[in-house]
Amino acid sequence: MTLFERFNNIRQHTEKLMSPLSVEDHLSQPITDVSPPKWHLGHTTWFFETFILAKFKQNYEVFDPNFNFLFNSYYESVGKRLLRDMRGTMTRPPLERVYEYRKYVDVQMEQFFDENPPAEALKLLELGLNHEQQHQELFLTDFKYILGVQPFHPVYDSHFSESETEPHQTWLEVEPGLYKIGHDSEHFCFDNELNAHRVYLNHFEISSKLVTNGDWLKFIEEGGYQNFKYWHSEGWGWVNDEHIEAPLYWENIDGKWHRFSLAGLEEVNPDEPVAHISYYEAYAYAEWAGMRLPTEAEWEIASDQFDWGQRWEWTDSAYLPYPGFSKAEGAVGEYNGKFMVGQMVLRGSSVATSPHHSRKTYRNFFHPHLRWQFTGLRLVK
C-alpha cells in the first residue's frame, strides 16, 4: 500500500464511522471532555492543512482563514482558538461546508504527494495519520457518551460488538531483573514513547485476563463503593460527590444490571471485561481484591504473554517523561509533553481503536476521574 493510499483509507474510514449520524448528531457536546463529531471532522483536516500544506506546499491557499480559530485544539503556537467547551455551539459553518473543507484538503494533499515531498513533511504526515486515527477512537467514545445521555438508549450500530468473553484466568510470572521499555525501532511512535531505557523490576505475577463484569458485580454487592478503606482520599471524595455506584453506562433495571453500548441497551454479561471505569475505581477494586495495578513498565514487559486490545488498561504509573525525553521544536512540541502532570497512564488499546494503531509501547493518559473511554484493568500480585 502506498503512502497516499494509506492516507485515503484513513480519511475515508473517519467518514465511514460518521455515516450513521444525523445532521443533529454532529453538533452535540454534553460535557467538555466530549467533542462534537463535526469538530472532529474539521480538526483532523485542519491538522494536515496547518502542519503540512500551509508549510510545505507552494502557493497554498487556506480554505477558510476562520477555520484556524474554529478547529485548533490546544496549539498555543498556532494562534487563538475556540474554547473547548464551546465546540458544541458552532452551528456555523454548516456540516456540508466542513465536508467541502475535507475534500479541498484531500485534493491538495493528493497534488502534494505528486510533488516529491521533503522528508520533514513526510514525518509530519505520519504524525497526522496517527493523529486522525486517535480521533477516530475519540469519536466513537465521544459519540457513545452523546447517545448515552439521551433517553430511550438510541443505537449507533446494532452490529457493533464492544467486547468478547474473557478466557480462563492464569497467573503469569515475570522474574526480577533489568528490562528495556519504550519504543526502539524505526517504525512510527509518539514522542512520549521515547526514549527506550532500562528499568529494574522485582518479581511479580500478572493476570492473563482483564477483570470481568462478573468480578465487578461482586465488588458492588460486597459494598465496594461504600467502604472508604479501598479508596484514595481524592477518589473517595469523587465517589461521594458524584454519587458513583457502578461503572459508567450501567443501569439497574428491575433488579438486573444492564449496560448501554453502541449497539443499544444490553444485559450485563458477567464474562466480558468491565469497561468505563476511572482510575479511582480501578485502584479501589484492586485494594478490595487484595492485589494491585501493574506499573506501566510491568505491563509492557509482561504484555507479550497475554492478549490485550479490548480495553485501555489503567496502570499505577503517573504520566511523566521518560529519561531523555525532549519536545520537538515549534507547535508539534505541544503534542504530548505539555500534558505530563496530574494524569495516569493507560496501556494497550480498545475495541474503539482503529486498525493498525496499537503497539505495546503506546502510552495513553487521562485524569484519574475520567471514564468515558473504554477503560478496564488487569491485576498484579
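In the nomenclature of an unreviewed UniProt entry, the chain corresponds to TIGR03440 family protein from the organism Owenweeksia hongkongensis.

A.B. asks: Is there a simple way to explain the packing of helix α2 (residues 37-56) against helix α4 (residues 95-113) in this structure?
C.D. replies: For any two helices packed against each other, the geometry comes down to the angle between their axes and how far apart the axes lie. Packing of α2 against α4 brings their axes to within 10 Å, and their N-to-C directions diverge by 30°. Considering their axes alone, α2 and α4 lie roughly parallel with respect to each other. Relative to α4, the crossing made by α2 is left-handed. Only Leu-95, Val-98, Tyr-99, Tyr-101, Arg-102, Tyr-104, Val-105, Gln-108, Met-109 and Phe-112 of α4 make contact with α2, whose side of the interface consists of Lys-38, Leu-41, Gly-42, Thr-44, Thr-45, Trp-46, Phe-48, Glu-49, Ile-52, Leu-53 and Phe-56. Looking at the contact of α2 with α4 residue by residue, the classes come out as 14 nonpolar, four polar and three charged.

A.B. asks: Explanation requested: the UniProt feature "domain: Sulfatase-modifying factor enzyme-like" (unreviewed entry) in the chain in the structure shown.
C.D. replies: On the UniProt side, "domain: Sulfatase-modifying factor enzyme-like" (unreviewed entry) is annotated at positions that read residues 169-318 here. A helix fraction of 24% and a strand fraction of 26% characterise residues 169-318, whose end C-alpha atoms lie 27 Å from each other.

A.B. asks: Where do I start with the sheet that holds strand β5 (residues 250-253) in this structure?
C.D. replies: Backbone-to-backbone hydrogen bonds pair the strands of a sheet. The strands run either parallel or antiparallel. Ordered in space as β5-β6-β7, the three strands form an open sheet in which the pairing is antiparallel. Strands with a single pairing partner mark the edges of an open sheet, and in this sheet they are β5 and β7 (264-267). Strand after strand, the sheet turns through a mean of 35° between neighbouring axes, direction not considered. Looking at chain direction, β5 and strand β6 (residues 256-261) are connected through four bridges and run antiparallel. Directly across from Trp-250, in β6, lies its bridge partner Arg-259.

A.B. asks: Just to check I follow, could you spell out the sheet that holds strand β9 (residues 344-348) for this structure?
C.D. replies: Strand order in the open sheet made by the four strands is β10-β9-β8-β11, with mixed pairing throughout. Every interior strand has two partners, whereas the edge strands, β10 (364-366) and β11 (375-376), have only one. The pairing of β9 with β10 spans three bridges and is antiparallel. When the bridges of β10 are listed, Met-344 appears paired with Phe-366.

Basis of the calculations
Residues numbered from 1 in each chain as written. Predicted model: local features only at pLDDT ≥ 70, side-chain atom pairs only at ≥ 80, totals over all residues. Heavy atoms only, no water. Axes fitted to C-alpha atoms, helices over the stretch in contact; angles between N-to-C directions. Helix = DSSP H or I, 4+ residues; strand = E, 2+ residues; numbered from the N terminus. Parallel < 35°, antiparallel > 145°, perpendicular 65-115°, else oblique. Left-handed = near helix turned anticlockwise from the far one by under 90°. Contact = heavy atoms within 4.5 Å. Nonpolar A, V, L, I, M, F, W, Y, C, P; charged D, E, K, R; others polar. UniProt positions renumbered as here; feature names shortened; annotations may be inferred. Pairing = 2+ DSSP bridges.

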